Amino acid sequence: MKHQDRTLRIIGGNWRGRKITFPEHDDIRPTGDRIRETLFNWLMHDIRGADCLDLFAGSGVLSIEALSRGANHVTLIESNEAASSRISNNLAFLDACPKSFNNIKSNAMEWLGHCDTSFDLIFIDPPFASNALPNILELLATRQIARKFVYLETPVQLDTNDLPDQWNLYRQKHTGSVHYSLCITS
């Protein structure tokens, strides 16, 4: 049975109201409208001109929202071939400046192991069945990849003891079974 494509609406910025598509896949759980609205309200004074990293990009909607709202550059990391290809198609459809994004088909942990760049804002939304989050947070902290903010989506409330020592929990909420948090890294 062939899976159907799904659509998402961009909720703010230059591309507000435009729709993107993504492939139906068990590991792709796009951030919902209400959560995106809350997140970007939290970041409204910090998103313009930001350099962002989107680990486990999935549909790419967090990065696309960031670009729509004035982010300088986004780097999207997605291991699923169909999802990564669709992200590229959506960015072309939106006529995004090619210099404003880098879409990389890769495993997030492997890519981070070679990353020599830091980012103002990092989006982390791994598959909820994954156990990669503690290792990713440790790698981000020890390699100082996160300059200012880290956004996390988790199936359970984030425990501040799970955060690297130099990070502070700035905001946290939940909607249904999704807990989302914004951490300050400096």
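Our focus in this paragraph is helix α3 (residues 81-93). With 13 residues, α3 should reach 18 Å at 1.5 Å per residue; the first-to-last C-alpha distance of 18 Å fits that figure. Listed in full, the buried residues belonging to α3 are Ala83, Ser84, Arg86, Ile87, Asn90 and Leu91. The arc that holds every buried residue of α3, seen down its axis, measures 160°, which confines them to one face. Away from the buried face of α3 by more than 90 degrees, exposed residues Glu81 and Ala92 are located. Following α3 by one or two positions, Asp95 adopts a phi angle in the positive range, close to 60°.

Okay, the environment of Tyr180 next. Mapped onto the secondary structure, Tyr180 falls in strand β9 (residues 178-184). The residues contacting Tyr180, other than those within four sequence positions of it, are Ile35, Thr38, Trp42, Tyr151, Leu152, Glu153, Arg171, Gln172, Lys173, His174 and Thr175.

In this fold, Asn103 is placed in strand β5 (residues 101-105). There is a polar contact of 2.7 Å between the side chain of Asn103 and the backbone oxygen of Ser84. Within polar-contact distance, the side chain of Asn103 engages the side chain of Ser88 at 2.8 Å. Look past the residues within four positions of Asn103 in its chain and what remains in contact with it is Leu76, Ser84, Ile87 and Ser88.

Parameters and conventions
Residues numbered from 1 in each chain as written. Predicted model: local features only at pLDDT ≥ 70, side-chain atom pairs only at ≥ 80, totals over all residues. Heavy atoms only, no water. Helix = DSSP H or I, 4+ residues; strand = E, 2+ residues; numbered from the N terminus. Expected span 1.5 Å × (residues − 1). Buried < 20%, exposed > 50% of the residue type's maximum accessible area, 1.4 Å probe, protein only. Arc of directions from axis to C-beta. Contact = heavy atoms within 4.5 Å. Polar contact = N/O pair within 3.5 Å; in protein donor to acceptor, adjacent residues only side chain to side chain.

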